[in-house]
Amino acid sequence: MYGSFENHLRRKIEDIESAGLYKRERVIAGPQQSEVTVADGASVLNLCANNYLGLANHPEIVAAARESLDKWGYGLASVRFICGTQAIHKQLENELSSFLRMEDTILYGSCFDANGGLFETLLEAEDAIISDELNHASIIDGIRLCKATKYRFKNGDMEDLETKLKEASGARHRMIATDGVFSMDGYIAKLEAICDLAEKYNALVMVDDSHAVGFVGEGGRGTPELCGVEGRIDILTGTLGKALGGASGGYTSGRKEIIQLLRQRSRPYLFSNSVAPPIVAASLKVLELVSSSDELRDRLRANTAYFREAMTAEGFDILAGEHPIVPVMFGDATIATRMAELLLAKGVYVVAFSYPVVPMGKARIRTQISAAHTRAELEFAVKCFAEAKREL
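Computed from a predicted structure; not experimentally measured.

Caption draft 1: Summary view of the sheet that holds strand β11 (residues 250-254). The strand order across the open sheet formed by seven strands is β3-β11-β10-β9-β6-β4-β5, and the pairing between neighbours is mixed. Each end of this open sheet is capped by a strand with a single partner; those strands are β3 (104-108) and β5 (149-153). Put simply, the sheet's adjacent strands are angled 20 degrees from each other on average, direction ignored. By the bridge criterion, three bridges tie strand β9 (residues 203-208) to strand β10 (residues 235-239) in an arrangement that is parallel. Counterpart to D208 in the pairing with β10 is T237. Contacting β3, β10 and β11, helix α4 (residues 87-100) runs over the sheet at an angle of about 125 degrees to β3.

Here it is in structure tokens:
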């Protein structure tokens, strides 16, 4: 039975390999930090993790997770509404609401789950969803599950967004969905203009702030704080798996009635195990750390500014911006892949991104800067990039 299908799969895999698009997973033989040990025992500079604040292996967070094992156990073997809600789950939801200045919060196993369980729960066939064309795959998949009429506007194009809002004028309810930061480019959504249009056309605003929460904005509250639109965002989704500790877990924060309905009807919440206690306890420690000091955010901003300036001075094509996502553009997938291989041999761990993760012809190495990087490490990375470019 499997024979013909096996041949079909082999041909597809061969096509991916021949196009230079095959993604090979490298094995790390130790914890996530600015320098990591790879499978052959070599220590390399990690320049591609979402570890923006350097908290993934922070000793206070590791200690909080370890202590929670004794007090709260390893796992709950249950969903939240059966016997999977501990006091720390409610505490984390309350702390996230307070930190984000939202009315209420619901935890998920990941932000992918949060986005996957959002639109179908809230919108029906009489409604409309207007989504930025560069939104994360989790938003796209979540929207696909929804029966609402679907519109897509050009990335950051407010004129096109307004056109789509007019086209959706007959809908009962309208929702605009956007990433706060677009993960492949580091671009920040034009939230002030989006909120203005939402108010003009009586639409809700949903923002996935996974690549911003914890470090974007003066207090690390993300793109709503940065853009001055706190209180104007109806739904804010995010992850605990990037700047906020780097493990797993996600959330949706928003108007209290929205969160209340999600608890009753959101399928990933109702049918998935609760977030593990060690992650919940560690996340509480993360919020304590990011709320008590600006030191890590200041260091991250300084590191990002240096790296962007130094790479531009070396003649690399860097997408403009101020975000610690720093895409180094190559266009051709084979060239980007070869560049990543050369850099690894020199001691810099980066990964080439190509189709279908990014559009065809826009292959890149997406470097990501961390507060954990030292200036010497970033200078080393720039030097290696320059050497690899000459050798390419």
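Caption draft 2: Main features of the environment of A189. Here A189 shows up in the loop between β8 (187-188) and α9 (191-200). A residue is classified by how much of its surface remains accessible, and A189, at 7% relative accessible area, is buried. Here A189 is in contact with T178, D179, G180, F182 and C227, once residues within four sequence places are set aside.

Caption draft 3: The sheet that holds strand β1 (residues 35-37), seen in detail. Reading across from one edge, β1-β2-β13 is the order of the three strands in this open sheet, with mixed pairing throughout. In the strand order of this sheet, the two ends are held by β1 and β13 (348-349), each with one partner. Pairing analysis gives two bridges linking strand β2 (residues 43-46) to β13, with the strands arranged parallel. Across the sheet, N46 pairs through a bridge with Y349, a residue of β13.

Quick notes on the rules
- Residues numbered from 1 in each chain as written.
- Predicted model: local features only at pLDDT ≥ 70, side-chain atom pairs only at ≥ 80, totals over all residues.
- Heavy atoms only, no water.
- Pairing = 2+ DSSP bridges.
- Helix = DSSP H or I, 4+ residues; strand = E, 2+ residues; numbered from the N terminus.
- Axes fitted to C-alpha atoms, helices over the stretch in contact; angles between N-to-C directions.
- Contact = heavy atoms within 4.5 Å.
- Buried < 20%, exposed > 50% of the residue type's maximum accessible area, 1.4 Å probe, protein only.

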